[in-house]
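# A structural walkthrough
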Amino acid sequence: MANETVFKRYEGNPIVTAAAVPRANSIHNSAVIKYGDGYVGVFRVDEHDMRYTLHLGRSRDGLEWDIEPEPIRMESDDPEVVVSEQSYDPRITLLDGVYYITWCNAGPQGPCIGLARTEDFVTFRQMENPLPPPNRNGVLFPRRIGGDYVMLHRPSDRGHTPFGDIFVAFSPDLVHWGRHRFMMGPAGGWQSLKVGGGPVPIETEEGWLLIYHGVWMSCNGYLYYAGGAILDRERPWKVLYRTRDYLLGPSEPYERIGDVPNVIFPSSAIVEGNRLRLYYGCADTCISVAEAELPELLAFIREHSF
Ligand code: BMA
């Protein structure tokens, strides 16, 4: 298969297409997690009117999915909190026994980070938006660090470009966020235009494994790739290693052709034993998976680092 690195693509790709939901234009950039004796997912569905909505899905094996036709209904005690005109690019974090959904929650003031909690994937309680616009790619760590909740986010606009850098923010209560520390910005080649956090970081003995997206602007538009980094376990804004080579680049027809061509958008990862399965959005159209052995992936990141 063309341009494979440490990840091997599943031969049944893509695993989810628009056919899974009535009135779906496309289903991509989605979050999955192990739950009970199977898996659940929060799926980004772009509807026929091009509203972006979040739908719940269930699966026994993580590959074949039943996705609900109606979007998730968020509840809140404060009606002003339920702001979600466009909801996209969700992630799911299991933290202290609660499942938290973060997503890009876009209204007229621009994209910000949305946050909700659920314990059963039936009732979803929307919480205060942790960070105001313009901000995308909110990713909550799966444990507290130094007593605080920790979130990756990407405030946009560095002044000279509309694209920001990845920061780490801390919170004592998931409501008040601060102590924003710069983590990393664009670098050379495929990640020279912008970067953003991907799946929920995975804790290993070497540090937090972060898979992220990097974007290159060609004369024909943007191309999105997956890269990897290893972050310090207690000071996660410290990047120990970061790939100079991409982990996955668009090459298969389902990655190259779609609503937005040449997009690999890593959004979720599941580790079982030593095997990591990466879920990624393809060309803003469908979802695929690729797998790697965790020790090999960590070694690849170390050995192909800047
Ligand atoms: C980004 C996000 C993603 C999308 C990507 C490519 O800015 O909006 O949802 O996959 O662009 O279109």
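Preceding block: the structure.
What comes next is a walk through the structure. (Residues numbered from 1 in each chain as written. Predicted model: local features only at pLDDT ≥ 70, side-chain atom pairs only at ≥ 80, totals over all residues. Heavy atoms only, no water.)

### Here we look at the overall build of the protein
- Regarding its fold elements, the protein presents two helices and 22 strands.
- Here the C-alpha radius of gyration of the protein, 18 Å, is about what a compact globule of 306 residues would show, namely 19 Å.
- Projected onto its principal axes, the C-alpha coordinates of the protein cover approximately 50 × 45 × 45 Å.
- Looking at the protein residue by residue over its 306 residues, the buried ones come to 58%.
- Restricting to contacts in the protein with at least 6 residues of sequence separation, those with at least 24 account for 50%.
- Seen as two clouds, the 29 positive and the 40 negative side-chain charges of the protein have centres 5 Å apart. (Helix = DSSP H or I, 4+ residues; strand = E, 2+ residues; numbered from the N terminus. Rg over C-alpha atoms; globule rule 2.2 N^0.38 Å. Buried < 20%, exposed > 50% of the residue type's maximum accessible area, 1.4 Å probe, protein only. Contact = heavy atoms within 4.5 Å. Lys, Arg positive; Asp, Glu negative; His and termini not counted. Charge placed at Lys NZ, Arg CZ, Asp CG, Glu CD.)

### Let's talk about the packing of aromatic side chains
- Summed over the entire model, instances satisfying the criterion amount to 14 aromatic pairs.
- Relative to Phe182, the ring of Phe167 has its centre 5.9 Å away and its plane inclined at 80°; by these criteria the two rings are edge-to-face. Within this pair, whereas Phe167 is found in strand E13 (residues 166-171), its partner Phe182 is found in strand E14 (residues 178-184), the two being separated by 15 residues in sequence.
- Given a relative accessible area of 22%, Phe167 falls into the partly exposed group.
- Owing to a relative accessible area of 45%, Phe182 belongs among the partly exposed residues under this scheme.
- One aromatic cluster is present, formed by Tyr35, Tyr99, Phe121 and Phe124 through successive ring pairs. (Phe/Tyr/Trp six-rings, centres within 6.5 Å; stacked < 30°, edge-to-face > 60°.)

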